[in-house]
Amino acid sequence: MVLSIVTWNSAEVIEACLASVLAQTYSDFEVWVVDNASADDTRVRVAAVAARDARVRLHPLPRNTGFCGGHNYALDRSQSAAVLLVNPDIEMAPDYLARALAALGADPAIGTVCGLLLQSSDERPRIDSAGLVRLPDGRFALRHHGRYLHETPLAAGPVDGADGALPLYRRAFIDDLRVEGQFFDERFFAHKEDWDIAWRGQLYGWRTVCEPACRALHPRQFRPADWRLRRRLSGAIKADAVKNQWLLLLKNPTDRQLAGYWLRALPRQLGILLYALLLERASLRAYRFVWQHRAAIWASRRLIQARAARPGPLARPARAAAVPRPAEAELTA
């Protein structure tokens, strides 16, 4: 079992994250910390933890490859039957991994398990996410985001996708979703790549389930609707947000869906273009990127749609090792 953590200047949060990881009741795992050329002392802090616990392995990269490149590094070099992606600002409850593995093992058509992420640990926490909800215009939203936990009925069951902060993926799902060898499309770099995986997983016939008994703390910082915060973000981050929505809408809708999605998305996309022209010209590079890479993007679309036309996971024989089954004590500890 592998847990993949991608860091970039994560010194303030990485030790608390690793402490929660190493306190899991299910303990048969390796932790791959893939560091994207941090300029702070993230690597020093991870190395100190690794010196105390052999399960932690630091993989320093010479340049920043983003969320997508960092996790692809771990996915491409590991072989475990399941992989848990962990944001460095996550703190998991001790039984998170055991419960998530139990949920994943319940049905071979389940490709992804997500838990309940909370914004705080106080007495009246708000929900950060309980999976993703797919919107009619090709976007996804955080399910139950901002609602008070005590006011929100929750039950285990299917959702449209998993937030990228803490998804548990089945290896067969990872391998099935690869396009030209990549699980995460590295053109995304960071932001909305979890939407891309959620959409492609649905398209291929995989299920995503939310298990609210799996709980973790995730104090979300990026909120696209907060314009004051948006003005403080780098131009690259804002351009990625624009570019990645185009990648989603060009690659994933079926031929029959393509016109409908674009008609629903067009008013918003025109508004974003006007905003970029008037107030955020750094984001115009997103349109240049899409135009310059249009042939490669369309080639990816053809591969995705060809795979979507084939049978889903239940119609194919099992190809991978069984997902680990936690002991009863690990679920109740």
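Here, the structure is the one placed above.
Throughout what follows, the structure given in this document is the object of discussion. Small disclaimer: the values here were computed from a predicted structure and weren't measured. (Residues numbered from 1 in each chain as written. Predicted model: local features only at pLDDT ≥ 70, side-chain atom pairs only at ≥ 80, totals over all residues. Heavy atoms only, no water.)

**Examining the packing of aromatic side chains**
A full pass over the atoms with the stated rule returns 11 aromatic pairs. Here the aromatic rings of Phe 67 and Phe 184 are separated by 5.4 Å at their centres, their planes lie at 75°, and the arrangement is edge-to-face. Of the two residues, Phe 67 is situated in helix H3 (residues 66-77) and Phe 184 in the loop between helix H5 (171-177) and helix H6 (193-204); the sequence distance between them amounts to 117 residues. Take Phe 184: its relative accessible area is 1%, and that puts it in the buried class. Geometrically, the ring pair formed by Trp 246 and Tyr 287 is edge-to-face, given 5.9 Å between the ring centres and 85° between the ring planes. Taken as a pair, Trp 246 in helix H8 (residues 235-251) and Tyr 287 in helix H10 (residues 285-292) lie far apart in primary sequence, 41 residues in all. An aromatic cluster is present here, built from Phe 67, Tyr 169, Phe 173, Phe 183, Phe 184 and Trp 206 joined pairwise through their rings. (Phe/Tyr/Trp six-rings, centres within 6.5 Å; stacked < 30°, edge-to-face > 60°. Helix = DSSP H or I, 4+ residues; strand = E, 2+ residues; numbered from the N terminus. Buried < 20%, exposed > 50% of the residue type's maximum accessible area, 1.4 Å probe, protein only.)

**Some thoughts on helix H11 (residues 294-308)**
Between the first and last C-alpha of H11 there are 21 Å, a value that for 15 residues agrees with the 21 Å anticipated at 1.5 Å per step. Looking at H11, one finds that the buried residues are Ile 297, Ser 300, Arg 301, Ile 304, Gln 305 and Arg 307. The arc that holds every buried residue of H11, seen down its axis, measures 155°, which confines them to one face. Relative to its buried face, H11 has exposed residues pointing more than 90 degrees away, namely Ala 295 and Arg 302. (Expected span 1.5 Å × (residues − 1). Arc of directions from axis to C-beta.)

**Quick look at the environment of Asp 40**
Relative to the elements of secondary structure, Asp 40 occurs in the loop between strand E2 (30-36) and helix H2 (42-52). Under the relative-accessibility criterion, Asp 40 is labelled partly exposed at 30%. Beyond its immediate chain neighbours, meaning those up to four positions away, Asp 40 contacts Asn 9, Ser 10 and Ala 11. A polar contact of 3.2 Å, which involves the side chain of Asp 40, links it to the backbone nitrogen of Ala 11. (Contact = heavy atoms within 4.5 Å. Polar contact = N/O pair within 3.5 Å; in protein donor to acceptor, adjacent residues only side chain to side chain.)

**So, helix H4 (residues 96-104)**
Of all the 9 residues making up H4, 7 are buried; the element is thus mostly covered by neighbouring parts of the structure. Taken together, the buried positions of H4 are Tyr 96, Leu 97, Ala 98, Ala 100, Leu 101, Ala 103 and Leu 104.

**Overview of the nonpolar core**
Membership of the largest hydrophobic core comes to 40 residues, with the highest contact counts inside it found for Tyr 169, Phe 183 and Phe 184. Examining the composition of this core, we find that 6 residues originate from one element, H6, more than from any other. If we ignore the near neighbours within four places in the chain, the residues touching Phe 184 are Phe 67, Cys 68, His 71, Asn 72, Leu 75, Leu 85, Tyr 169, Glu 193 and Ile 197. Counting 37 residues, the second-largest nonpolar core is a separate cluster that includes Ala 98, Leu 101, Leu 104 and Val 323. (Core = buried A, V, L, I, M, F, W, Y, C linked by side-chain atoms within 4.5 Å.)

**A closer look at the pairing of strand E6 (residues 110-118)**
In terms of burial, E6 is largely enclosed, as 9 of its 9 residues are buried. Pairing between E6 and strand E12 (residues 207-217): 7 bridges, direction parallel. Pairing of Val 113 across the sheet is with Val 209, part of E12. Relative to strand E11 (residues 168-170), E6 runs antiparallel, the two sharing 2 bridges. Residue pairing across strands places Val 113 opposite Leu 168, the latter belonging to E11. As judged from the 2 bridges shared by E6 and strand E7 (residues 127-129), these two strands associate in the antiparallel manner. Note that in E7 the partner of Leu 118 across the bridge is Ile 127. (Pairing = 2+ DSSP bridges.)

**What about the pattern of salt bridges?**
By the definition in use, this model includes 17 salt bridges. Put simply, Arg 178 and Asp 175 hold a salt bridge, and the shortest N to O gap is 3.3 Å. A relative accessible area of 22% places Arg 178 in the partly exposed class. Residue Asp 255 pairs with Arg 301 through a salt bridge whose shortest N-O separation is 2.7 Å. Taken together, the residues Asp 255 in helix H9 (residues 255-279) and Arg 301 in helix H11 connect sequence positions 46 residues apart. (Salt bridge = Lys/Arg side-chain N within 4 Å of Asp/Glu carboxyl O.)

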